[in-house]
Structures are given as C-alpha cells and as structure tokens.
Amino acid sequence: MTQINLPFQIGQIVEVKSFIRGYRGAWFRCKILDISNEKGELRYKFKYLDFPDEPLDNALVFETPKGGTESQLMLRPKYPPLYLESEYLNLESDNVEPLVVVHDSWKVGDLVDWLRDDIYWSGEIVEMRGRRACQIELLPKPEGEGDSYQGLCKNLRPRLDWSVEDGWKVPCTADGKKCAKIVTSKKEDGGIGDECETAKEQTKKTTKQVEGNEGLRLNIMESDGIEAAVLDIEELIVRIDWFKGILKPDVGEGAKCSWKYEDYRPSSSGM
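Worth saying up front: this structure is predicted, and the values here are computed from it rather than measured.

Cut-offs applied
- Residues numbered from 1 in each chain as written.
- Predicted model: local features only at pLDDT ≥ 70, side-chain atom pairs only at ≥ 80, totals over all residues.
- Heavy atoms only, no water.
- Core = buried A, V, L, I, M, F, W, Y, C linked by side-chain atoms within 4.5 Å.
- Buried < 20%, exposed > 50% of the residue type's maximum accessible area, 1.4 Å probe, protein only.
- Helix = DSSP H or I, 4+ residues; strand = E, 2+ residues; numbered from the N terminus.
- Domains from an automatic or database assignment.
- Contact = heavy atoms within 4.5 Å.
- Salt bridge = Lys/Arg side-chain N within 4 Å of Asp/Glu carboxyl O.
- Phe/Tyr/Trp six-rings, centres within 6.5 Å; stacked < 30°, edge-to-face > 60°.
- Pairing = 2+ DSSP bridges.

**Focus on the nonpolar core**
With 37 residues, the main nonpolar core has Phe8, Tyr44, Leu75, Trp106 and Leu156 as its most contacted residues. Within the residue set of this core, elements represented by two or more residues are β1 (13–18), β2 (26–38), β3 (41–48), β9 (99–102), β10 (111–116), β11 (119–129) and β12 (133–138). Broken down by element, the residue count for this core peaks at five residues, all from β2. Taken together, domain 1 (10–75) and domain 2 (104–178) each give at least three residues to this core, which thus spans both. With residues near it in sequence (within four places) discarded, Phe8 still touches Val14, Ile32, Ile35, Tyr44, Leu75, Arg76, Pro77 and Trp162.

**Things to note about the pattern of salt bridges**
Where charged atoms from two side chains of opposite charge approach closely, those side chains can pair. All told, the structure shown has eleven salt bridges when counted by the stated rule. Between Asp50 and Arg29 there is a salt bridge whose closest N-O contact spans 2.9 Å. Placement of the pair is Asp50 in the loop between β3 and β4 (57–60) and Arg29 in strand β2, with a sequence separation of 21 residues. Given a relative accessible area of 40%, Arg29 falls into the partly exposed group. A salt bridge links Arg43 to Glu41; the nearest nitrogen and oxygen atoms lie 3.8 Å apart. The class of Glu41 is partly exposed, set by a relative accessible area of 38%.

**A few points about the packing of aromatic side chains**
Tallied over the full model, the rule gives nine aromatic pairs. Look at Phe8 and Tyr44: their rings are 6.2 Å apart centre to centre, the planes differ by 85°, and that puts the pair in the edge-to-face class. A residue pair is termed long-range when its members are at least 10 positions apart, and Phe8 in the segment before β1 and Tyr44 in strand β3 qualify at 36 residues. Pair check on accessibility: Phe8 and Tyr44 agree, each one buried.

**What about the pairing of β10?**
Looking at chain direction, β10 and β11 are connected through six bridges and run antiparallel. Its bridge partner lying in β11, Trp114 is registered against Trp121. If you look at the hairpin formed by β10 and β11, you'll find two residues sitting between the two strands, and Asp117 has a positive phi there, around 55°. As judged from the three bridges shared by β10 and strand β14 (residues 156–158), these two strands associate in the antiparallel manner. Of the residues in β14, the one forming a bridge with Val112 is Pro158.

So yeah, pure geometry; function would need other evidence.
What follows is the structure, given as structure tokens:
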C-alpha cells in the first residue's frame, strides 16, 4: 500500500493507534500536520487533540507490534456518529456519511472500545454488572495490554475495523454475531443483523476473488522453497473440501440425493 492509496490529508482529524507499551491497542484523536516519505517509509506528523501539552509525533503509517508478525495500518478516519437503535429509528433526515447504530443494551461478548482518560481502549465485555457497568478485557498482548477493568456502559462504543478497500466494518464476536451495524442510508437499511455473513455470501465473495484478474495467490509466487509448495498443497486441499461442502445439495432429512460429488481422476490410458 502506498501514499496514493490512502485518503488522508493534511489538516484532517483522524484516530491513531498505539503499540507503545502501556498504550497498546489504544486509539487517540489526532490532527495531521504533515505527510512525508523518509527512506521509503510513509510517516504522518500529527498532534494529540486531547493532550495539547504532548510533543508532536512523527509516526509510521504501518507498524508491526513487538512480538507480532503482521504490519498494521496505524490510523483511520475519525469515528462515525454513534446512535442507539431507538435514537436512530427517530432520526428524520436521511444520512449520507456512515453512521454506527448499536443495540440499546450491551451484553457479554460484545466487542467494544472503552473510553478512559480521553483514550479509547479496544477490548471485549466479559461480564455485565447490572445495566450501567461491565467488566472489560482489553486486547491480548502484543496488540493490547491484556488487562481487565470495570467500566461504565455509557463510556462504550462498538469496536470497528477500517480499511481503504472496505471502509468501516463491524467485526464479529466469538459466537459469530455483531453488536452494531454501519448505515449509509435509511432507505436501504434492513435493521441490525446479529448474524455474520452466511455461507452463501462467503461463497459469492470467494467466487469473485477466484474470478479476479490476479487469480489465486500462491506462496510459491514469493518463495521457491519446499515449505511454500507444501503450504500451497495444504491450502488447496482445504479449498477443495470447502467447495465439496458448498456443493452438497440441501435435500432435507429423509430425502434421497439423486446425484453425488465424485473426485475427478484422469484416466491412466495414454500415459
């Protein structure tokens, strides 16, 4: 990803994530003051809006947490306007910019950002303590601090993911549900869907990826080692098993299937 792909501009208000020990997994409100490319590394200079006495920071746009393996985008646009579901239903004007609509009550397992000391800490609700308080477990190390705190529900917001390709997305909980939704138009709003993508939706996405110009991305494209070839074989086996499950007809209990999936094996004749 290059600077051209990123939509951020000088003067824009954004949220910046930290991997500094003691603040891992925390989001800060910042204003971009400058954009530079130093020795091939994209950097943004910004100031902390809620901590005016802090010195200006000149941070990398992509960082890997210490002990982690994947580089992550460290900034995103400012968080969208947040509404409870009951508030959103009474909203008269049709929105253009994305909105976040959350259930009127939080529950165990919800993925949240918790506001403490003017910083949002990403975590998960692990226990409800009445209707106004809950126990929050922060993201595990190295992406978070991994500690557990009691907080007020009024200081929570749904945890969101953001990418250049997909924009704002609500991540799924461990049981495959969501506590909120992203809305861009009330006319096209179908209500908060608890369930994550169905198998049918996932199949459409997978098919679209397979039909794309780049095709399947193989490990041997980047490495000539035996390990890369073995990984590709294992991944292809998993893909074949997955497609077998998708191709099985839904005939219902007690019904007989009139066809079956058979592996194709080339004839040995002519070899």
